[in-house]
Every structure is written in C-alpha cells, then in structure tokens.
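Chain residues, written in single-letter form:
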Amino acid sequence: MSVTQKDFENAMNQVKLLKKDPGNEVKLKLYALYKQATEGPCNIPKPGAFDFVNKAKWDAWNGLGSLPKETARQNYVDLVSSLSGPSSESSSQVKPGADSKQEGYENLLVTSEDRITKILLNRPTKKNAITTQMYHEIMLALKAASQDDSVLTVLTGSGDYYCSGNDLTNFTDIPPGGVEEKAKNSSFLLRDFVNCFIDFPKPLVAVVNGPAVGISVTILGLFDIVYASDRATFHTPFSHLGQSPEGCSSYTFPKIMGSSKAAEMLIFGKKLTAGEACAQGLVTQVFPDSTFQKEVWTRLKAYSKLPPNAMRISKEIIRKNEKEKLHAVNAEECNVLLSRWQSDECMNAVVNFLSRKAKL
Ligand SMILES: CCCCCCCCCC/C=C\CC(=O)SCCNC(=O)CCNC(=O)[C@H](O)C(C)(C)COP(=O)(O)OP(=O)(O)OC[C@H]1O[C@@H](n2cnc3c(N)ncnc32)[C@H](O)[C@@H]1OP(=O)(O)O
C-alpha cells in the first residue's frame, strides 16, 4: 500500500524524536530520500571537493538517480519506522487500563489514570516554554490520547508557570535556507499544531496552574473547559513581540469576550488576572491556589465517570459547525505570521529578550 503525505509527515516528526543518533550514514540516507521525495532528482550543482558536508549530501541525493518521488517517500517512511523500533512506537500509544506512564517524551510527562490522560508540560526551569521538539511531542501525545481508552484529556504545567508560550530560542536555530525557510517550516508546524486542537475528538481540559503566555493562552479558545488557579494570569504580548495572534484567537477571542476586550488582549497585550479571564468567558472557573489541584482533580474524576460516547458526541455536535471556519482562520493566521517572523519588529523583540540577561 502506498504511503500518504500524512504518513510522510508523521515519519518526519518521528525522526526529530529519535532517542538515539542514527549515525551519519543513515542521516545522509534520510536526507537524500527526503530531498528526492519532495523535490525529485538532484537539481543543484555539485559542491566543491573541500565542502565536505554538502558534497556528502549531494552524493547521497544524486546517488538516488531518477528514483520516483513516491518510491522515495515510501523508502523514507520504511527507514524511519525501522529506526523507531518498538520502544518509540509504544511512546505514542497509551496502554489501556489504569495508572500508566508513557516513556519517550523529553519535555512532557504523559500519564493515564482514572480514565483521564494528563499531558504535563515538564520544563519548569524555562517556565514550560514550548520548543520545536515540544510542539511535535504535544501533537504526538494528543494523537495518542485521541486513540487511547481515556475519556478526558488534560493539559497542564509543572512548576510555578502553566506555560510561557513559544520558546523564543526557536528563532535562533536558522537552517542553511535562512530565515525564510525557517519561517515557512514554522508556519507549517504551527498550523499542524493548532489543527490538532481543533480536531481533538474528546473533551479537552486546560488546568492552568500558573501564569500563561502567548500560544498557551490563545489555544484556550479551542478547549472545552479551562480551570485556573487564582495565581494564573493570561498574557498575549504579540504586538510587543512584533507578531500577530495565532491559535485561532483572532476568531475565538472576539467571539468569547467581544471585540473590544479581545482587542485589548490581542493588540495591546493587556494581561488578565484569572478573575478577569473568567468574567470574560475565557476561563470556566477560578479556584484558590491552595486547593486548586485537589478541587480540580476531584471534579475531573467525577466527570470522567460519565458515559464516554455521550460526551464525545456532545462535543462533536457543539463544535462541528465551527471546524471548517477554524481551519480557515488557522491557515490565515499562520500565513500572516510567516511574514511577521521575518520582520524587523519581530527580530528586534526576540534579540531584546535573548540579550536581556547579558545587559543586567
Ligand atoms: C523565523 C522563525 C520563527 C520561529 C517560530 C516558531 C514557532 C512559533 C509559533 C508561534 C507561537 C506563539 C507565539 C507566542 O507564544 S508569543 C509569547 C512568547 N513568550 C514570551 O514572550 C515570554 C518570554 N518570557 C518572559 O517574558 C519571562 O521569562 C517570563 C515568562 C515573564 C518569566 O519571567 P521571570 O523573570 O519570572 O523568569 P525568567 O528568569 O525570565 O525565566 C526563567 C528561565 O526561563 C526562560 N524562559 C522563559 N520563558 C521563555 C520563553 N518563552 N522562551 C525562551 N526562554 C524562556 C528564561 O530565559 C530563563 O532562562 P535562563 O534561566 O535565563 O536560562
């Protein structure tokens, strides 16, 4: 059976999550198959003999001759699957039954207990800022949660923050194709990431244990319930960062809180307290921090005993008329960001953040 574009994309994501370095020879094979699958036969001039790295890459790609794109795609998927082996396979599968902890994620802790799958952002020293790898891990965890035996899925953070948004060092890892290539890849990544939330089939709950920034705030409009500690704050400083709204917030926020309140947050970066966010409908309920975990988990355990099919079908009917619109909004927001990320305003803001400690 031939592989689909989705299989190919999944394989690309798997490569980023490989625990063991597969070695240069395999990496060259992967590179060559990827280029052949996406661009066809080698179409760039042969690098000079002393340009060792690019020459090795060129040799590997050129060596595939006129291998059809479809076959290259198939070979790429097969190679990745042989590298992933059973351990990484199991990392994206939730074992049915109680109390299982899934291995294989670097900055997430995914557990399944009492029919609830909990995805914990687990990078507390960086306030749970989301690295490129974490975007992929969260997508894999959501995919696994959508297929496991749990009936509710929870996203929460470890330490004092819920999440400080996109890790701003994601801007520093510029590939040979330059900022434009990085921006394009990031735009696809962001689109896929947000799509996973739009399409998630089970009730999805955010347990906002502390301050939330950027994308961790905007995607809240795609959750079914948002519980917040009274320590939590909600901040979307997009203009300060030379960026623009994502996570479908340009559509969900005005709908949830009205256009002027949404503008204060999304254009002017007004930070809301948990109480304010609740009054504006972004948060379902606020709990005192001292009893937050106990009260929330007691409530969620009770909800998890409700008939799962009824909950899933109710979610589907509540959301289905919006899905097409949300996908269109997501695509448009990612497209706008593609040029925002290449703007001076954005670059300067990122440089300011990254150099702030050096200035102290
Ligand atoms: C062209 C390339 C495009 C690439 C794009 C990739 C895909 C993008 C998808 C876009 C999606 C989303 C947009 C957003 O989310 S915008 C919001 C981004 N977040 C921020 O602006 C927050 C930045 N952080 C802060 O303002 C502060 O750190 C804080 C969260 C208010 C906490 O302040 P604090 O004083 O209490 O703690 P601090 O010492 O600053 O932080 C502790 C360590 O954590 C590091 N850290 C915190 N947040 C981030 C972050 N977002 N990115 C990277 N690092 C972060 C901080 O640097 C400290 O580290 P260290 O101890 O100095 O090593």
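Residues numbered from 1 in each chain as written. Predicted model: local features only at pLDDT ≥ 70, side-chain atom pairs only at ≥ 80, totals over all residues. Heavy atoms only, no water.

Peer 1: So what's going on with the overall build of the protein? Which residues, and what values?
Peer 2: On a plain count of helices and strands, the protein comes out with 13 helices and 10 strands. In the form shown here, the protein has an accessible surface area of approximately 18100 Å², with 55% of it arising from carbon and sulfur atoms. (Helix = DSSP H or I, 4+ residues; strand = E, 2+ residues; numbered from the N terminus. Areas by Shrake-Rupley, 256 points an atom, 1.4 Å probe, with all protein chains shown as cover.)

Peer 1: Now, about the sheet that holds strand β9 (residues 272-273): what can you tell me, with residues and values included?
Peer 2: Strand order in the open sheet made by the 3 strands is β6-β8-β9, with mixed pairing throughout. Unpaired on one side and paired on the other, β6 (212-213) and β9 mark the two borders of the sheet. Judged from the 2 bridges that link them, β6 and strand β8 (residues 233-235) form a sheet pairing that is parallel. Note on β8: the bridge partner recorded for Ala212 is Phe234. (Pairing = 2+ DSSP bridges.)

Peer 1: Lay out the packing of aromatic side chains in plain terms, naming residues and giving numbers.
Peer 2: Counted according to the given criterion, the structure contains 8 aromatic pairs. Where Phe8 meets Tyr76, the ring centres are 5.1 Å apart and the plane angle is 70°; that geometry is what we call edge-to-face. One end of the pair, Phe8, is in helix α1 (residues 5-16); the other, Tyr76, is in helix α4 (residues 69-91), with 68 residues separating them in the sequence. Take Phe8 and Tyr76: they sit in the same class, and that class is buried. Between Tyr34 and Tyr76, the aromatic rings sit 6.5 Å apart at their centres with planes inclined by 55°, giving tilted as the arrangement. Of this pair, Tyr34 sits in helix α2 (residues 24-39) while Tyr76 sits in helix α4, and the two are 42 residues apart along the sequence. Through pairs of rings, three or more aromatic residues link up here, namely Tyr135, Phe193, Phe197 and Phe223. The ring of Tyr31 has Lys57 sitting right over it, with the charged end atom 4.9 Å from the ring centre. (Phe/Tyr/Trp six-rings, centres within 6.5 Å; stacked < 30°, edge-to-face > 60°. Buried < 20%, exposed > 50% of the residue type's maximum accessible area, 1.4 Å probe, protein only. Lys NZ or Arg CZ within 6 Å of the ring centre and 35° of its normal.)

Peer 1: Kindly report on the environment of Asp289, identifying the contributing residues and their values.
Peer 2: Structurally, Asp289 is set in the loop between β10 (285-287) and α11 (292-303). Given a relative accessible area of 32%, Asp289 falls into the partly exposed group. Ignoring anything within four residues of it in the chain, the contact list for Asp289 reads Asn209, Ser229, Asp230 and Arg231. Of the polar contacts made by the side chain of Asp289, one reaches the side chain of Ser229; its length is 2.7 Å. (Contact = heavy atoms within 4.5 Å. Polar contact = N/O pair within 3.5 Å; in protein donor to acceptor, adjacent residues only side chain to side chain.)

Peer 1: Outline the side chain of Thr117, listing residues and values.
Peer 2: The residue Thr117 is located in strand β3 (residues 116-121) in this model. A polar side-chain atom of Thr117 sits 2.8 Å from a polar atom in the side chain of Ser112.

Peer 1: Give me the lowdown on the packing of helix α6 (residues 178-198) against helix α12 (residues 308-340), citing residues and values where you can.
Peer 2: Taken N-terminus to C-terminus, the directions of α6 and α12 make an angle of 160°; their axes are 9 Å apart at the nearest point. Considering the angle they form, α6 stands roughly antiparallel to α12. Seen from above, α6 lies across α12 with right-handed handedness. Taken together, the residues of α12 that come into contact with α6 (itself represented by Ala183, Lys184, Ser187, Leu190, Arg191, Val194, Asn195 and Ile198) are Lys323, Leu326, His327, Asn330, Cys334, Asn335, Leu337 and Leu338. In terms of residue class, the contact of α6 with α12 is made up of 8 nonpolar, 5 polar and 3 charged. (Axes fitted to C-alpha atoms, helices over the stretch in contact; angles between N-to-C directions. Parallel < 35°, antiparallel > 145°, perpendicular 65-115°, else oblique. Left-handed = near helix turned anticlockwise from the far one by under 90°. Nonpolar A, V, L, I, M, F, W, Y, C, P; charged D, E, K, R; others polar.)

Peer 1: I'd like a rundown of the nonpolar core, residues and numbers included.
Peer 2: Among the nonpolar cores identified, the biggest contains 63 residues, and Tyr162, Phe193, Phe197, Val208, Leu220, Phe223 and Phe234 are the most heavily contacted of them. By residue number, the principal contributor to this core is helix α5 (residues 132-147), which donates 8 residues. With near-sequence residues (within four places) excluded, Phe193 lies in contact with Tyr135, Ile138, Met139, Ile215 and Ile219. In this structure, Val154, Val296, Trp297 and Leu300 belong to the second largest nonpolar core, which totals 14 residues. (Core = buried A, V, L, I, M, F, W, Y, C linked by side-chain atoms within 4.5 Å.)

Peer 1: Can you tell me about the environment of Val329, naming the residues and giving the values?
Peer 2: Counting through the fold element by element, Val329 comes out in helix α12. In the structure, Val329 is positioned 282 residues away from Pro47 in sequence and 42 Å away in space, judged by C-alpha atoms. Contacts of Val329, omitting those with residues within four sequence positions, involve Cys248, Ser250 and Tyr251.

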